[in-house]
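Here is how the chains run, residue by residue.
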Amino acid sequence: MNRFQFQTLSKTLLIVMPLLVLQSCGFLNKTMEKVGIGKNGGGDIAGDGLDGLTNGEVVATARKGYKQTAPTGMVLIPSGSYTMGQADQDILSSRVSMNKRVTINPFYMDDTEITNHEYRTFVNYMFADSVSVLGEEYITSKLSPDSTVWSRDFSYHNGDQMTEYYFSSPAFDMYPVVGVSWDAAQYFSDWRSKQYNAFREENGQFKSPRFRLPSEAEWEWAARGGKEGAKYPWGNPYVANGKGCFLANFKPYRGNYRADGYSYTAPANSFNTNDFGLYNMAGNVSEWTQDAYSESYMPVTWDLNPVYDDPDEPRKVIKGGSWKDVAYFLETGTTTFEYRSTTRSYIGFRNVMDRLGSIPGRE
């Protein structure tokens, strides 16, 4: 054996020996299975429905190729436990936000409220694809934002500019959509789910959980940003920082709507995020949640992923306060309601999606 052949053999052994060691420990098989080329070979995402039978025995292992990632524009909200309810005095004496410790599973949440431009995409799609099924009148009256809310919501208020331009003008593309009912928000969520899963199916991917409205408990947990007992998404106890700059878009002084920088709504990504990376969980627009409103919410709901889902109750919970509200309604624990078919110039929404499987970071 000449010197060149010896060097070649040595290099080969240096490569092969570690692989043999890893193979003997089972490491290589596990690694190959994780990337989809394990015992059964191949990386076919769809898979064979009968591939769990081998030699007459049931030996089905985890299907390869599935990994849930955050949809575009969403952030992961970790699981956790917190004391739900009012973090300060109940100035309305409503006694509907009494404290209760609950546990929430992880989920994904839109980092901003749904914007005019995002919702316009939905409306345009409805007109282009679903007029023959739903009818133009239904799409216009039930799904399209009600622009008249800017004039109708307030007595003797000149809202003509907002009525005419808020949803139609590019100047407001990145502002939160308003004038959308709870029912329309549900329809948007279903449509968004269908578009997302249709794309995944076309590309041989597993079906994703659907987009939906957050429960009241999920919304409040996300708004607190992991801060136990937080009065506001940024913590306690003030609505302005040390420089006197307001931390949300609301009504800080009697009649001085402009004091925080915006007379009406603000761009959906304005102000700082909370510790979960979410914008405007206080102020800007109040947000629809999945829950029906109930004065008995705390005693009747369970303490694990609670939701009060009553289809016969027309009142639906809204959270977060808005550009026209005083600071009390910005508090994470404050709960109010609006009727499901109602449209307002100060109510919008955002979506969430369930995070399936193991807890992130513990795989």
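Going by the structure above, here's the rest.
Rules behind the numbers
- Residues numbered from 1 in each chain as written.
- Predicted model: local features only at pLDDT ≥ 70, side-chain atom pairs only at ≥ 80, totals over all residues.
- Heavy atoms only, no water.
- Helix = DSSP H or I, 4+ residues; strand = E, 2+ residues; numbered from the N terminus.
- Buried < 20%, exposed > 50% of the residue type's maximum accessible area, 1.4 Å probe, protein only.
- Contact = heavy atoms within 4.5 Å.
- Core = buried A, V, L, I, M, F, W, Y, C linked by side-chain atoms within 4.5 Å.
- Expected span 1.5 Å × (residues − 1).
- Pairing = 2+ DSSP bridges.
- Axes fitted to C-alpha atoms, helices over the stretch in contact; angles between N-to-C directions.
- Parallel < 35°, antiparallel > 145°, perpendicular 65-115°, else oblique.
- Left-handed = near helix turned anticlockwise from the far one by under 90°.
- Salt bridge = Lys/Arg side-chain N within 4 Å of Asp/Glu carboxyl O.

A. Representation of the environment of A240 in the model. Mapped onto the fold, A240 is located in the loop between helix 9 (216-224) and strand 8 (286-292). Taking the relative accessible area as the measure of exposure, A240 reaches 25% and is therefore partly exposed. A C-alpha to C-alpha distance of 9.6 Å links A240 and P252, two positions twelve residues apart in sequence. Non-local contacts of A240, meaning those with residues more than four positions away in its chain, are made with C245, F246 and L247.

B. The nonpolar core, seen in detail. By size, the foremost hydrophobic cluster in this structure holds 30 residues, and its most contacted members are Y119, F122, W288 and F349. Mapped by element, the contributors of at least two residues to this core are helix 3 (116-129), helix 5 (136-143), helix 6 (149-152) and helix 8 (182-202). Ranked by residue count, the leading element in this core is helix 8, at five residues. Setting aside anything within four residues of it in sequence, one finds F349 in contact with E113, I114, Y119, V177, V180, A185, F188, L213, E287 and W288. In this structure, F107, W219, F276 and M298 belong to the second largest nonpolar core, which totals 18 residues.

C. Broad picture of helix 8. If you check helix 8, its first and last C-alpha atoms are 31 Å apart, about what 21 residues at 1.5 Å a residue would give, namely 30 Å. Within helix 8 the residues assigned to the buried category are W182, A184, A185, Q186, F188, S189, W191, R192, S193, N197 and R200. Count one or two residues on from helix 8 and you reach G204, which has phi positive near 70°.

D. Region of interest: the sheet that holds strand 8. A sheet is described by the order of its strands in space; here four strands give the open sequence 10-9-8-11, paired in mixed fashion. Whereas interior strands pair on both sides, the edge strands pair on one side only; in this sheet they are strand 10 (336-339) and strand 11 (347-348). Pairing of strand 9 (residues 315-319) with strand 10, which is carried by four bridges, proceeds in the antiparallel orientation. Within strand 10, the position partnered with V317 by the bridge is F337. Helix 8 rests against strand 8 and strand 9 of the sheet, and its axis sits at about 85° to strand 8.

E. Quick peek at the pairing of strand 8. Burial runs high along strand 8: seven of the seven residues are buried. Here three bridges tie strand 8 to strand 9, and the two strands are oriented antiparallel to one another. Counterpart to W288 in the pairing with strand 9 is I318.

F. Quick look at the packing of helix 3 against helix 5. Orientation of helix 3 relative to helix 5, taken along the N-to-C sense of each, is 165°, at an axis distance of 10 Å. With respect to each other, helix 3 and helix 5 are oriented roughly antiparallel. The interaxial crossing formed by helix 3 with helix 5 has right-handed handedness. Within the contact between the two elements, helix 3 uses Y119, F122, V123, M126 and F127 and helix 5 uses E136, I139, T140 and L143.

G. Quick look at the pattern of salt bridges. Within the structure shown, the criterion is met by 17 salt bridges. D153 is the partner of R344 in a salt bridge, and the nearest nitrogen-oxygen pair spans 3.1 Å. On the criterion of sequence distance, the pair formed by R344 in the loop between strand 10 and strand 11 and D153 in the loop between helix 6 and helix 7 (160-165) is long-range, its members being 191 residues apart. Residue D153 is classed as buried on the basis of its relative accessible area, which comes to 15%. With a shortest N-O distance of 2.6 Å, D354 and R212 are connected by a salt bridge. Remark: R212 occurs in strand 7 (residues 211-212) and D354 occurs in strand 12 (residues 352-354); sequence separation between them is 142 residues.

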